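So the chains spell out like this:
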Amino acid sequence: MLIVQKFGGTSVGDLDRIKNVANIVKKTKNEGNDVVVVVSAMAGETNKLIDYASYFSKTPPQREMDLLVSSGERVTSALLSIALQSMGMDAIALTGRQAGIKTTKDHTKARIMDINPGKMQKHLKEGKIVIVAGFQGISEEGDVTTLGRGGSDLTAVAIAGALKAHKCEIYTDVDGIYTTDPRIEPKAKKINMITYDEMLELASLGAKVMQSRSVELAKKLEVDIEVKSSFNPEIKGTLITKETPEMEKVLVSGIALDKNQARVSIFGVEDRPGISAEIFSKLADKNINVDMIIQNVGKDNKANLTFTVPETELELTKKVLGEYEQKAEAMEYDRDIAKVSIVGVGMKSHSGVAATAFKTLADENINILMISTSEIKISMIIDEKYGELAVRSLHKAYNLDK
Ligand code: ADP
Ligand code: ASP
Ligand code: MG
């Protein structure tokens, strides 16, 4: 079998942990499998490098940022290869470029365009364990790019797809996907199997256990993923796979919390055709990810517009929308918000799920600032300080601890 194994930051957090990873990989290889390993940077390393840059600039040049942060993954790939070779295993470490990962030139959030697997296949054929530095690729211009935070998950899924691997295992510091972040609610339960769509919602709504783009790609390529713990590799993890008719449709499968959003409100902007197009085109041109847009019915030819953006893109948003400080009656920015979301495919066919959510928050005296829903999710923006309380109350209200 060809197996792709990805190890996240905590799993390679220090030298002993890298040794532990080397043992897992060695065991897999010795069982007769071909193995491609994708590694993250050591825990905290990417943040440290970003902090270094912020010493010099609030908006550092993105090309150089990619060169900077991609180094973290190179360190671990080389160390793991050295560790494996010291154990008598044949291994080779590759950068994203060497692994043939071609991306767009959108620095800090590049998309994978194509993977040329020739080099990886050649080394596998020679019996080597191939270790790839996650999170990175190369643009047409030959510049190093990165794939967005958590991007090593995407590297692993893309490689599994390109090599038609039999299995893609994502090793992390929890032993699977839980009904909510077990660090917030210790009563959270491990889920045995979850659909791509549910995982995609959970991930894009803040459950950082899987990068959302990696789940999107897994769905597209039909790569089955098992999320499991590098600390307890024998324990079966969670399978992320496609929805089948036999699958039990749970009403609510999980709760996610995202504290990394910021609210932008534009009050009293001109109410005429094209105003939203104008504002959101400006943001799109800068590649800013806008979420949860709310516009109410206008009055006296004035409208109010509220939306959220990732906190990390708030400075850029302020810059892009600077002109509306004059053009609108008022503008407001709020970093202290949290988005709490309920996800479940069963919602499609059940009513009352939203009412339960609103009642639960009301009982805790938590005010809801914004609401948005889709077929399989309900999201609410609340004051950041109540984020964890909201998650725990909702977890209980939907009996997820049972
Ligand atoms: P890695 O470094 O391995 O990529 P991450 O830190 O990106 O790991 O993701 C793992 C973390 O995701 C867990 O430690 C957990 O706190 C968090 N998490 C959030 N939501 C969930 C969830 N529903 N199930 C499991 N873990 C979750
Ligand atoms: N090291 C990168 C990050 O922290 C990528 C990853 O770990 O997946 O975002
Ligand atoms: Mg991660």
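For the structure itself, look to the data block above.
This structure is a prediction, so every number in the text was calculated from the model and none was measured.

A. Focus on the side chain of threonine 238. Among the structural elements, threonine 238 can be located in strand β12 (residues 238-241). What makes threonine 238 buried here is its relative accessible area of 0%. At a separation of 2.8 Å, a polar atom in the side chain of threonine 238 contacts the main-chain amide nitrogen of isoleucine 177. Discounting chain neighbours no more than four positions away, the residues touching threonine 238 are Asp175, Gly176, Ile177, Lys190, Ile191, Asn192, Met193, Ile194, Ile225, Glu226 and Val227.

B. Region of interest: the site of ligand 2. Taken together, Ser40, Thr46, Glu73, Phe135, Arg149, Gly150, Gly151 and Ser152 are the residues near ligand 2. In this structure, arginine 149 approaches ligand 2 through a side-chain N or O atom, which is 2.7 Å from an oxygen atom. Its free accessible area being 270 Å², ligand 2 has 86% of it covered by the protein chains. Taken together, the residues of the shell around ligand 2 break down into 1 nonpolar, 5 polar and 2 charged.

C. View of the site of ligand 1. Near ligand 1 lie 18 residues; those nearest to it are Thr172, Asp173, Tyr178, Asp181 and Arg183. Glycine 9 places a polar main-chain atom, nitrogen or oxygen, 3.0 Å from an oxygen atom of ligand 1. In this structure, threonine 172 approaches ligand 1 through a side-chain N or O atom, which is 2.7 Å from an oxygen atom. Computed on the free molecule, ligand 1 has an accessible area of 580 Å², of which 90% lies beneath the protein chains in the complex. Grouping the constituent residues of the shell around ligand 1 by class yields 7 nonpolar, 6 polar and 5 charged.

D. Just the packing of aromatic side chains, in detail. Under the definition given, this model contains 3 aromatic pairs. With 4.6 Å between their ring centres and 15° between their planes, phenylalanine 7 and tyrosine 171 make a pair best called stacked. Taken as a pair, phenylalanine 7 in strand β1 (residues 2-7) and tyrosine 171 in strand β9 (residues 167-172) lie far apart in primary sequence, 164 residues in all. For tyrosine 171, a relative accessible area of 3% gives the class buried.

E. Summary view of a positive patch on the surface. A contiguous patch of positive charge, built from Lys187, Lys189, Lys396 and Lys402, is present on the exposed surface. Structurally, the position occupied by lysine 187 is in the loop between β9 and β10 (193-195). When its relative accessible area of 49% is taken as the criterion, lysine 187 is described as partly exposed.

F. Expanded view of the sheet that holds β9. If you trace the 8 strands from one edge of the open sheet to the other, you get β3-β6-β2-β1-β9-β11-β12-β10, paired in mixed fashion. At either margin of the open sheet sits one strand with a lone partner, and together these are β3 (91-94) and β10. Averaged over all pairs of adjacent strands, the angle between their axes in this sheet comes to 20°, without regard to strand direction. Here β10 runs beside β12; their pairing, made up of 3 bridges, is parallel. Bridge pairing links isoleucine 194 to isoleucine 240 in β12.

G. A look at the sheet that holds strand β14 (residues 261-270). Read across the sheet, 4 strands follow the order β15-β16-β14-β17 without closing on themselves; strand pairing throughout is antiparallel. Of all strands in the sheet, those bounded by a partner on one side alone are β15 (291-295) and β17 (330-334). Strand-to-strand, the axes of this sheet are offset by a mean angle of 10°, without reference to chain direction. Relative to strand β16 (residues 302-310), helix α8 (residues 275-285) is tilted by about 20°, and along the sheet it contacts β14, β15 and β16.

H. Main features of the environment of isoleucine 382. Looking at where isoleucine 382 falls in the secondary structure, it is placed in strand β20 (residues 377-383). Residue isoleucine 382 is classed as buried on the basis of its relative accessible area, which comes to 0%. When the C-alpha atoms of isoleucine 382 and isoleucine 24 are compared, they prove to be 42 Å apart, with 358 residues separating the residues in sequence. If near-sequence neighbours (up to four positions away) are discounted, isoleucine 382 is found in contact with Asp336, Ile337, Ala338, Val340, Leu361, Ile366, Asn367, Ile368, Leu369, Gly387 and Ala390.

Rules used in this analysis
Residues numbered from 1 in each chain as written. Chains lettered and ligands numbered in written order. Predicted model: local features only at pLDDT ≥ 70, side-chain atom pairs only at ≥ 80, totals over all residues. Heavy atoms only, no water. Helix = DSSP H or I, 4+ residues; strand = E, 2+ residues; numbered from the N terminus. Buried < 20%, exposed > 50% of the residue type's maximum accessible area, 1.4 Å probe, protein only. Polar contact = N/O pair within 3.5 Å; in protein donor to acceptor, adjacent residues only side chain to side chain. Contact = heavy atoms within 4.5 Å. Near = heavy atom within 4 Å. Areas by Shrake-Rupley, 256 points an atom, 1.4 Å probe, with all protein chains shown as cover. Nonpolar A, V, L, I, M, F, W, Y, C, P; charged D, E, K, R; others polar. Phe/Tyr/Trp six-rings, centres within 6.5 Å; stacked < 30°, edge-to-face > 60°. Patch = residues over 30% accessible without salt bridge, like charges linked within 9 Å, V, L, I, M, F, W, Y side chains within 5 Å. Salt bridge = Lys/Arg side-chain N within 4 Å of Asp/Glu carboxyl O. Lys, Arg positive; Asp, Glu negative; His and termini not counted. Charge placed at Lys NZ, Arg CZ, Asp CG, Glu CD. Pairing = 2+ DSSP bridges. Axes fitted to C-alpha atoms, helices over the stretch in contact; angles between N-to-C directions.

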